[in-house]
Amino acid sequence: MTIEWNPPAATKEQLSHAELTVLDLSKYDEANGKYELAQELKTAVSKDGFWSIIGHGISPEEVSRQFALSKHFFDDYTVAEKSAQTVDFEKGDYFGYKSAGVKRVFGTQVKDTTEVFNIPKFNGQYESYYKQDFIKQHRKELDDFSKKSYEVGKKLLTLFAIILEIDEEYFVNNHLYNDRSDDHLRYMKYSIRSAEDDKQVENIYARAHTDFGSLTLLFEQRVEGLQIKLSDGSWKYVKPVENGIVCNIGDALTFWSNGYFKSTIHRVVRPPEDQVSQPRYGLFYFFRPGDKSVVQIVDSPVLRSQGLYKASEPLNGTEYVRKRVENYHNRNDYPKQANVKFKVGSYEVVDGFD
Ligand SMILES: O=C(O)CCC(=O)C(=O)O
Ligand SMILES: [Fe+2]
C-alpha cells in the first residue's frame, strides 16, 4: 500500500486574516538569540495568544510524512481497528481514537464530523495505550516526531519564562517529556459535510473554545477555517505560513500567569468553497500540565509590576486537565452555550463562547 500525501492547494478566496507575529526559531541558539525571541514573542502572547514559528528544525518532508500517516490511519483502517483504544472521556482520559458522528452539534440532529487520534508521549509510561496496529507499524516515526515536536515547544516554554523574568526552566520543569502528563501528538480529520447540514450548525466545524492545556502546536494547515476572536470581538482567519507552525497558549498558562498569557478563543468554520470538497486533516502537538506540575500564579517581577501577582492555591496539573476534559466532552452533544463557568480549585474555567 502506498502511503501518500498530496498537500491541498491554497484557497483563492480573499479571507480576512489576523496579523500574527512570525518568529524565526533558528535564532534560538545564537548568542542572545533566545532573549531577542522572547522580546518578539512578548506582544503576541499577551495580546493575540496566537503566533507562528518558522526555522523550527522539523523538515517539510517530516511534516508531510506525518500528514500521509494521518490520512493512512483514518482512511485505510476500519473503525474497529482504529477503535482498539478509544478515548474515555468519562474518566477525563484523552488518549486513543474518537470516531466521527458520536455527538450532536448545537442541539440539532447534525452530527460532528471529526475523527481524532490522540497519541501519548513515547516515554515508556504509556505502553498499554499503543493498541492500534497502526502504532505498532509506525512506532519509530511517531516516537521521533512526538519528541521533535516536544523539543520545539520546550524552546517556547523557555521563552515564556524569560518573558516573565523567572527561572528559565520553570515551565520546562513543569512539562518534562519523561513525566506523566496528557501531552499528545494528535491526528485529526474533519470529513466533508453537506452545505445544508453546515447551515444548520451555523457553518461551525469546531465550536469556539480555548485550549485546555499549556501550549498547542498546529502544523501547517492549508485548508483554511481556523479563526481567532480578537479583543474587538471580530473573528479573523489564521493564515497558514509555509513550513510554519501556528502556536497558541492554553488555559493552564493563563492560570500560571494570572491572565498575562492569553488563551485566545478560537473555532473552526466551514472551509472556503474551493477547499470544502476535501477532508481537512490536522496535525498537532498538545502540551498539558501533568502529575508533577503545580499550577499556581508564579511569583514573577513582571506579574508583580502589572499587579497580577497574588498568592494562590496550588493545583495539580493532571487533576485540572482531567476535570476540564470530563466537563467538556462527557456528554452526547456539543451544545451552544456562552459563558458557562466551572471551578477547579480556585481557578474558574469558562467553557462555551459566542
Ligand atoms: O483544526 C484546527 O485548525 C484547530 C483545532 C483546535 O482548535 C483544537 O483541536 O483544539
Ligand atoms: Fe483548539
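Residues numbered from 1 in each chain as written. Chains lettered and ligands numbered in written order. Predicted model: local features only at pLDDT ≥ 70, side-chain atom pairs only at ≥ 80, totals over all residues. Heavy atoms only, no water.

What to know about the side chain of His56
1) Next: Examined against the element boundaries, His56 turns out to sit in the loop between β2 (50-54) and α2 (60-76).
2) Next: On the accessibility criterion, His56 (9% relative accessible area) is buried.
3) Next: Here Ile58 takes part through its backbone nitrogen, which lies 3.1 Å from a polar atom of the side chain of His56.
4) Next: At 2.8 Å, the side chain of His56 forms a polar contact with the backbone oxygen of Asn243.
5) Next: Excluding its chain neighbours within four sequence positions, the residues that come into contact with His56 are Leu25, Val152, Asn243, Gly244 and Ile245. (Helix = DSSP H or I, 4+ residues; strand = E, 2+ residues; numbered from the N terminus. Buried < 20%, exposed > 50% of the residue type's maximum accessible area, 1.4 Å probe, protein only. Polar contact = N/O pair within 3.5 Å; in protein donor to acceptor, adjacent residues only side chain to side chain. Contact = heavy atoms within 4.5 Å.)

Some points on the environment of Ser64
1) Next: Relative to the assigned elements, Ser64 resides in helix α2.
2) Next: For Ser64, a relative accessible area of 29% gives the class partly exposed.

Here's the deal with the nonpolar core
1) Next: Judged by nonpolar contacts, the single largest core of 81 residues is most densely connected at Trp51, Leu156, Leu159, Phe160, Phe171, Leu217 and Phe261.
2) Next: Apart from the residues lying within four places of it in its own chain, the contact partners of Phe160 are Leu41, Val45, Trp51, Phe171, Leu215, Ile249, Leu253 and Phe261.
3) Next: Core analysis: the second largest hydrophobic core is formed by 17 residues, Phe50, Met188, Ile228 and Val238 among them. (Core = buried A, V, L, I, M, F, W, Y, C linked by side-chain atoms within 4.5 Å.)

Some words on the pattern of salt bridges
1) Next: Overall, the coordinates contain 22 salt bridges when judged by the stated rule.
2) Next: Notably, a salt bridge pairs Arg139 with Glu127, separated by 2.9 Å at the nearest N-O pair. Of this pair, Arg139 sits in helix α4 (residues 133-163) while Glu127 sits in the loop between β5 (114-120) and α4; the two residues are 12 residues apart in sequence, bridging distant segments of the chain.
3) Next: Asp179 serves as the salt-bridge partner of Lys292, at 3.4 Å between the closest nitrogen and oxygen. Highlighted residues: Lys292 in the loop between β13 (280-287) and β14 (294-295) and Asp179 in the loop between α5 (170-173) and β6 (184-190), separated in sequence by 113 residues. (Salt bridge = Lys/Arg side-chain N within 4 Å of Asp/Glu carboxyl O.)

Digging into the UniProt feature "domain: Fe2OG dioxygenase" (unreviewed entry) in the protein
1) Next: Here the UniProt-annotated "domain: Fe2OG dioxygenase" (unreviewed entry) positions come out as residues 188-289.
2) Next: End C-alpha atoms of residues 188-289 are separated by 22 Å, and the span's content is 12% helix alongside 37% strand. (UniProt positions renumbered as here; feature names shortened; annotations may be inferred.)

Observations regarding the packing of α2 against α4
1) Next: Relative to each other, α2 and α4 sit at 145°, their axes nearing to 11 Å. For the crossing formed where α2 meets α4, the hand is left-handed. Facing Glu62, Val63, Arg65, Gln66, Leu69, His72 and Phe73 of α2, the residues of α4 in contact are Phe134, His138, Glu141, Leu142, Phe145 and Lys148.
2) Next: Here the contact of α2 with α4 is composed, by residue class, of 6 nonpolar, 3 polar and 4 charged. (Axes fitted to C-alpha atoms, helices over the stretch in contact; angles between N-to-C directions. Left-handed = near helix turned anticlockwise from the far one by under 90°. Nonpolar A, V, L, I, M, F, W, Y, C, P; charged D, E, K, R; others polar.)

Points about the site of ligand 1
1) Next: Taken together, the neighbourhood of ligand 1 is formed by Arg186, Tyr190, His209, Asp211, Leu218, Leu226, His266, Val268, Arg280, Phe284 and Phe286.
2) Next: One of the side-chain nitrogen or oxygen atoms of His209 is found 3.1 Å away from an oxygen atom of ligand 1.
3) Next: Note that an oxygen atom of ligand 1 is positioned 3.1 Å from one of the side-chain N or O atoms of His266.
4) Next: The fraction of the free accessible surface of ligand 1 (290 Å²) that becomes covered by protein chains is 93%.
5) Next: Among the elements of the structure, β6, β12 (266-269) and β13 are those that each provide at least two residues to the shell around ligand 1.
6) Next: Sorting elements by how many residues they give to the shell around ligand 1 places β13 first, with 3 residues.
7) Next: Along the lines of polarity and charge, the residues of the shell around ligand 1 split into 6 nonpolar, 2 polar and 3 charged. (Near = heavy atom within 4 Å. Areas by Shrake-Rupley, 256 points an atom, 1.4 Å probe, with all protein chains shown as cover.)

Some points on the coordination of the iron ion (ligand 2)
1) Next: Surrounding the iron ion (ligand 2) are the protein donor atoms His209 (NE2), Asp211 (OD) and His266 (NE2), at 2.1 to 2.2 Å.
2) Next: The motif formed by the donor residues of the iron ion (ligand 2), counted along the single chain, is H-x1-D-x54-H. You can see His209 sitting in strand β7 (residues 204-209) and its partner His266 sitting in strand β12, a full 57 residues away along the chain. Across the pair, exposure class does not vary: His209 and His266 are buried alike. (Donors = N, O, S within 2.8 Å, 3.2 Å for Na, K, Ca; no water.)

Concerning α4
1) Next: Between the first and last C-alpha of α4 there are 43 Å, a value that for 31 residues agrees with the 45 Å anticipated at 1.5 Å per step.
2) Next: At Arg139, α4 shows its strongest bend, of approximately 80°.
3) Next: At the exit of α4 stands Glu165, carrying a positive phi of roughly 55°. (Expected span 1.5 Å × (residues − 1). Bend = angle between axes of the 7 residues up to and from the residue.)

Observations concerning helix α1 (residues 33-48)
1) Next: The first and last C-alpha atoms of α1 sit 22 Å apart over 16 residues, in line with the 22 Å expected at 1.5 Å per residue.
2) Next: The largest bend along α1 measures about 35° and falls at Leu41.
3) Next: All of the buried residues along α1 are Gly33, Leu37, Ala38, Leu41, Ala44, Val45 and Asp48.
4) Next: Buried residues along α1 sit against β1 (22-24), β2, α4, β9 (226-229) and β11 (245-249).
5) Next: Gly49 lies just past α1 and shows a positive phi near 75°.

A few points about the sheet that holds strand β10 (residues 235-237)
1) Next: Strand order across the open sheet formed by 4 strands is β7-β12-β9-β10, with antiparallel pairing between neighbours. This sheet does not close on itself; its edge strands, each paired only once, are β7 and β10. In this sheet, adjacent strand axes meet at a mean angle of 25° when their direction is disregarded.
2) Next: Two elements, β9 and β12, share 3 bridges in a ladder whose sense is antiparallel. Counted as the bridge partner of Gln227 is Arg267 from β12. (Pairing = 2+ DSSP bridges.)

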